[in-house]
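Examining the three-dimensional arrangement
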Amino acid sequence: MSQNKLATIGLYLWRLLKFGLLFGLIILPQFALLLPSWFPKNYSPLTKIAVAWLFFSLAYVLAVFCLFKQFKPRKLAPIKGKMTNDVIVGFIAFLFIKILYGFISNIQTTQNDAALRQMFSLSTSAMLMMTLMTIFMAPLCEELLFRGLFMQYFFPNSRFLAIFFSGACFGAIHFHNGDDLTVLLLYMSFGWILAYYYKKSDNLLVPITIHFLNNLPAALVILLSNLA
């Protein structure tokens with residue numbers, strides 16, 4: 001095997017390692033939800049909550065910093081003109097796929113959604129963390145990783161493969177034990193829409209906004225149902 005091929009293989013293995021480590025970083029803040037239960041019982045509730053929020057905040061600062069450090073060139077620009085149409089059409093496509101999924105699947109909720117609801121109900125502090133995470137941080141971090149960095153690291157010369165595998169990876173991380181294959185296809189479809197509009201607009205803010213608009217209503221519904 002030539003040195004050029006070995007160098008290419010080494011480069012992609014290094015990118016896979018970095019991608020895996022960055023994925024670990026974006027799920028790290030979720031452990032803040034469990035921190036209060038790990039403290040000894042003699043610790044005050046206020047101390048537990050303060051430490052959990054400190055960990056939550058620092059973990060996201062670290063994740064976002066590392067993601068932006070790797071994301072080059074930084075394709076983030078204000079949404080205007082045709083990009084506004086991309087956001088609207090992309091969001092409508094999300095709604096259409098959800099309706100279609102409702103017709104073809106007998107499952108009322110995915111395991112991912114069930115896990116989110118469970119985490120929302122842990123405590124008032126966890127509910128507020130989950131609201132911030134679902135509405136703001138998940139769209140930002142997941143789009144930086146699965147669109148921005150994935151397409152920067154892998155298949156840079158193939159639009160189709162970049163979109164396909166970006167969506168496939170996005171679907172895989174939202175697929176949980178107990179889900180059927182329609183759930184995998186559902187989340188892969190979401191990933192393909194987000195990847196397509198990133199490629200089309202060449203602006204990461206477009207899929208971030210579509211992702212945000214998709215998460216916002218569901219998160220608010222869960223939040224309000226827990227507050228009731």
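Please read these numbers as outputs of a predicted model, since none were measured by experiment.

Let us look at the overall build of the chain. Scanning the chain from terminus to terminus reveals nine helices and zero strands. For 228 residues, the compact-globule estimate of 2.2 N^0.38 gives 17 Å, and the chain sits close to it at 19 Å. Scored against the burial criterion, the 228 residues of the chain give a buried share of 39%. Across the chain, every contact between residues at least 6 apart in sequence was considered, and the portion connecting residues at least 24 apart equals 77%. Total accessible area on the chain is roughly 12,700 Å²; 70% of this is exposed by carbon and sulfur atoms. Put simply, the chain has 17 plus and 7 minus side-chain charges, and the middle of one group is 11 Å from the middle of the other.

The sites that UniProt annotates as "transmembrane region" (unreviewed entry) are residues 12–38, 50–68, 88–107, 119–141, 153–175, 181–198 and 205–225. The span residues 153–175 is 70% helix and 0% strand, and its two end C-alpha atoms sit 23 Å from each other. Within the segment residues 205–225, helix and strand shares are 100% and 0% respectively, and the terminal C-alpha atoms sit 30 Å apart.

Per the UniProt record, the feature "domain: CAAX prenyl protease 2/Lysostaphin resistance protein A-like" (unreviewed entry) sits at residues 127–216. Spanning residues 127–216, this segment combines 83% helix with 0% strand, and its end C-alpha atoms are found 14 Å apart.

As a further point, take the packing of helix 6 (residues 124–153) against helix 9 (residues 205–227). Two quantities define a packed helix pair, namely the angle between the axes and the distance from one axis to the other. It is the contact of helix 6 with helix 9, at a shortest axis distance of 9 Å, that shows an interaxial angle of 170°. In terms of orientation, helix 6 lies roughly antiparallel with respect to helix 9. Packed against helix 6, whose contacting residues are Met127, Thr131, Thr134, Ile135, Phe136, Ala138, Pro139, Leu140, Glu142 and Glu143, the element helix 9 presents Pro207, Ile208, His211, Phe212, Asn215, Leu216, Ala219, Leu220, Leu223, Asn226 and Leu227 at the interface. Residue composition of the contact of helix 6 with helix 9, grouped by class: 14 nonpolar, five polar and two charged.

What counts and how
Residues numbered from 1 in each chain as written. Predicted model: local features only at pLDDT ≥ 70, side-chain atom pairs only at ≥ 80, totals over all residues. Heavy atoms only, no water. Helix = DSSP H or I, 4+ residues; strand = E, 2+ residues; numbered from the N terminus. Rg over C-alpha atoms; globule rule 2.2 N^0.38 Å. Buried < 20%, exposed > 50% of the residue type's maximum accessible area, 1.4 Å probe, protein only. Contact = heavy atoms within 4.5 Å. Areas by Shrake-Rupley, 256 points an atom, 1.4 Å probe, with all protein chains shown as cover. Lys, Arg positive; Asp, Glu negative; His and termini not counted. Charge placed at Lys NZ, Arg CZ, Asp CG, Glu CD. UniProt positions renumbered as here; feature names shortened; annotations may be inferred. Axes fitted to C-alpha atoms, helices over the stretch in contact; angles between N-to-C directions. Parallel < 35°, antiparallel > 145°, perpendicular 65-115°, else oblique. Nonpolar A, V, L, I, M, F, W, Y, C, P; charged D, E, K, R; others polar.

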